[in-house]
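Geometric and topological summary
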Amino acid sequence: MKKLIIILLAFFAVTACRPELNFLPDSFESKDAILAGDEDRVSLVFGSSKAGSARLSIQTNKQWTATFVNDRAREWCSLSEEGGKKGTFTLTVSVKENSTYDDREAAIVLQCKEVQRTIVVTQKQKDALLMSPSRVELPQEGGNFIIEVKTNVGYTLSIPSEVSQWVHWAETKALIPYKMTIEVDPNTDLNPRQAVLTVKSTLGNEEVTIYQMGEDPALVISEREVEVPTVGGEFDVRITSNLDVEVELLPATCDWVEEVKTKTISTNTYSFTAAANDTEEPRKMSLVFKNAEYGLSDTLHVSQAFLPGFSYSTSKQEVKGPWLSEDVEEVTVFWGDGSFEPYAPNLVHRYAGPGSHTVQVEGNTLLPVRIPELEDGMVIDFSRIKKKEEAQ
């Protein structure tokens, strides 16, 4: 019994030492901005070009720091503090007046040991119309949702006549920010349906698209084919379905693709990882998503080549592609965020957010090669080019 108590105490001690850094969205205060996002990444959208501020409480159990991803953003965006001790603190984000005719954005990374959270600050140009959300997904039963608008000009909401029988605006007399409650009736049809509502103003139009599931069982995957680089990596598959879905690997003996069940993006997104191809031959497999009760299935075909290649790491949010010989043919650049494209001179890729990515380049004509913009700590790996040459 004593041994069990000691083990439990040790477990709780280790658990208590884990770093934590959490946004407290209920504490958000601002007359200038809208807050959106999740536990890892929040967005502060300032809907006016005027100076403004927003307050958000953050809780941490260890020392923390705040870092601007791009220091140039400090010219117009500032924080009340950029680091501190553990506890609950209120962070004030302030922006200066935007005198330009372009939106601007700043990314701020909060870090507590190995835990990171990101605040993305967006400020609209002069005379902006700000609306949230732009996409709504509803079940067959229907329901209500709120469209929130911040603007310094007048606006109207347009509901197309062809959907006005099942989409309704419960108009209120709210002050700025305006909040419009939209009611969606149950969908008694067998098929999904959608509607596009338009908020109109002198500055232009903003749209919100409503997707509503129908009573008909549905199972559709986002794509039919995916190519993973020779060195392997993760890829996601999005499922549109109102059913319980099972995943089957074909052939059943496939040992180079497996589901990453510990990674949860959403209930309709499945994550997989492919091992590096050390067979020196291309290979293929299939992922079958199915529901046995209704006899529905959809298949994703996964292919992986074996080609000479090299890789390099980058922490830039906008990265330039490599320079290769002018006579390259059938060379592919995998950017490390799930996207890829054929090689071309002067390629530039912008990542959705800050972080470290590994760029993979594969093809049969890769030399000579030059890596632009060398960074501190960059890892470059040419071992697979040498391995292919020796194999030939």
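Structure first, text after, so check above.
Right, let's walk through the structure included here.

Rules of the game
Residues numbered from 1 in each chain as written. Predicted model: local features only at pLDDT ≥ 70, side-chain atom pairs only at ≥ 80, totals over all residues. Heavy atoms only, no water. Helix = DSSP H or I, 4+ residues; strand = E, 2+ residues; numbered from the N terminus. Buried < 20%, exposed > 50% of the residue type's maximum accessible area, 1.4 Å probe, protein only. Contact = heavy atoms within 4.5 Å. Pairing = 2+ DSSP bridges. Patch = residues over 30% accessible without salt bridge, like charges linked within 9 Å, V, L, I, M, F, W, Y side chains within 5 Å. Areas by Shrake-Rupley, 256 points an atom, 1.4 Å probe, with all protein chains shown as cover. Salt bridge = Lys/Arg side-chain N within 4 Å of Asp/Glu carboxyl O. Phe/Tyr/Trp six-rings, centres within 6.5 Å; stacked < 30°, edge-to-face > 60°. Axes fitted to C-alpha atoms, helices over the stretch in contact; angles between N-to-C directions. Core = buried A, V, L, I, M, F, W, Y, C linked by side-chain atoms within 4.5 Å. Lys, Arg positive; Asp, Glu negative; His and termini not counted. Charge placed at Lys NZ, Arg CZ, Asp CG, Glu CD.

On to the overall build of the protein chain, then. Within the protein chain, the secondary structure is distributed over two helices and 35 strands. Summarising its shape, the C-alpha atoms of the protein chain cover approximately 75 × 70 × 55 Å along the three principal directions. Relative to its 392 residues, the protein chain shows a buried fraction of 39%. Considering only residue pairs separated by 6 or more positions, the protein chain has 66% of its internal contacts joining residues 24 or more positions apart.

Our next topic: the pairing of strand 5 (residues 64-68). Sheet faces and side chains relate simply in a regular strand, where the side chains alternate between the two faces. A one-sided burial pattern is seen for strand 5, the buried positions being Trp64, Ala66 and Phe68 and the unburied ones Thr65 and Thr67. In this sheet, strand 7 (residues 83-84) lies alongside strand 5 in antiparallel orientation, the contact comprising two bridges. Across the sheet, residue Thr65 finds its bridge partner in strand 7, namely Gly83. Relative to strand 9 (residues 104-112), strand 5 runs antiparallel, the two sharing four bridges. By the bridge assignment, Ala66 is partnered in strand 9 with Leu110.

Before going further, it helps to examine the sheet that holds strand 33 (residues 357-362). Pairing is antiparallel across the open sheet formed by five strands, whose spatial order is 31-30-33-27-35. Edge positions in the sheet fall to strand 31 (340-342) and strand 35 (380-381), since each of these pairs with one other strand and no more. Of the strand pairs in this sheet, strand 30 (residues 332-334) and strand 31 are connected by three bridges, and their pairing is antiparallel. Counted as the bridge partner of Thr332 is Pro342 from strand 31.

The next thing to look at is the side chain of Ser201. Along the chain, Ser201 falls in strand 17 (residues 193-201). Not counting residues within four places of it along the chain, the set of residues in contact with Ser201 comprises Leu129, Val153, Gly154 and Tyr155.

Residues Leu374, Ile380 and Phe382 make up a contiguous nonpolar surface patch of roughly 290 Å² in combined accessible area. With respect to the helices and strands, Ile380 occurs in strand 35.

Before going further, it helps to spend a moment on the packing of aromatic side chains. Scanning all chains against the criterion turns up six aromatic pairs. An angle of 20° between the planes, with centres 5.7 Å apart, marks the rings of Phe235 and Phe272 as stacked. Taken together, the residues Phe235 in strand 21 (residues 233-241) and Phe272 in strand 24 (residues 269-274) connect sequence positions 37 residues apart. Accessibility expressed as a relative area gives 8% for Phe235, which makes it buried.

Across the sheet, which stays open at both edges, the four strands sit in the order 12-18-17-14 with mixed pairing between neighbours. Looking at strand neighbours, the two that pair on one side only are strand 12 (135-138) and strand 14 (155-158), the edges of this open sheet. Recorded for the sheet is a direction-independent mean angle of 20° between the axes of neighbouring strands. The sheet contact formed by strand 14 and strand 17 spans four bridges and is antiparallel.

The subject of this paragraph is the nonpolar core. Ranked by internal contacts, the top residues of the largest apolar core, which has 27 residues, are Cys77, Leu91, Ile108, Leu110, Ile119 and Val121. Looking at this core, the elements that each hand over two or more residues are strand 1 (21-29), strand 3 (41-46), strand 4 (52-60), strand 5, strand 6 (77-79), strand 8 (87-95), strand 9 and strand 10 (115-123). When sequence neighbours within four positions are dropped, the list of residues in contact with Val121 reads Leu44, Phe46, Trp76, Cys77, Val93, Val95, Arg104, Glu105, Ala106 and Ile108. Counting residues in hydrophobic clusters, the runner-up holds 20 residues, among them Leu129, Leu138, Met180 and Val208.

The subject of this paragraph is the environment of Leu296. Relative to the helices and strands, Leu296 is located in strand 26 (residues 296-304). Take Leu296: its relative accessible area is 27%, and that puts it in the partly exposed class. Along the chain, Leu296 and Gly87 lie 209 residues apart, while their C-alpha atoms are 51 Å from each other. Sequence-distant contacts of Leu296, that is, excluding residues within four places in its chain, are made with Pro217, Ala218, Leu219, Leu243, Phe289, Lys290 and Asn291.

Now for a negative patch on the surface. Residues Glu141, Asp189, Glu215 and Asp216 make up a contiguous surface patch of negative charge. Position of Glu215 relative to the elements: it lies in the loop between strand 18 (204-212) and strand 19 (219-221).

The next point concerns the environment of Ala218. Checked against the element boundaries, Ala218 lands in the loop between strand 18 and strand 19. Judged by its relative accessible area of 17%, Ala218 is buried. Linking Ala218 and Pro192, residues 26 residues apart in sequence, is a C-alpha distance of 8.8 Å.

The subject of this paragraph is the pattern of salt bridges. On inspection of all chains with the given rule, the structure shows twelve salt bridges. The shortest N-O distance in the salt bridge between Arg74 and Glu82 comes to 2.7 Å. Overall, the relative accessible area of 36% leaves Arg74 in the partly exposed class. Here Glu248 makes a salt bridge to Lys290, at a shortest N to O gap of 2.7 Å. A residue pair is termed long-range when its members are at least 10 positions apart, and Glu248 in strand 22 (residues 246-250) and Lys290 in strand 25 (residues 283-291) qualify at 42 residues.

Geometric values such as these leave the question of function open.
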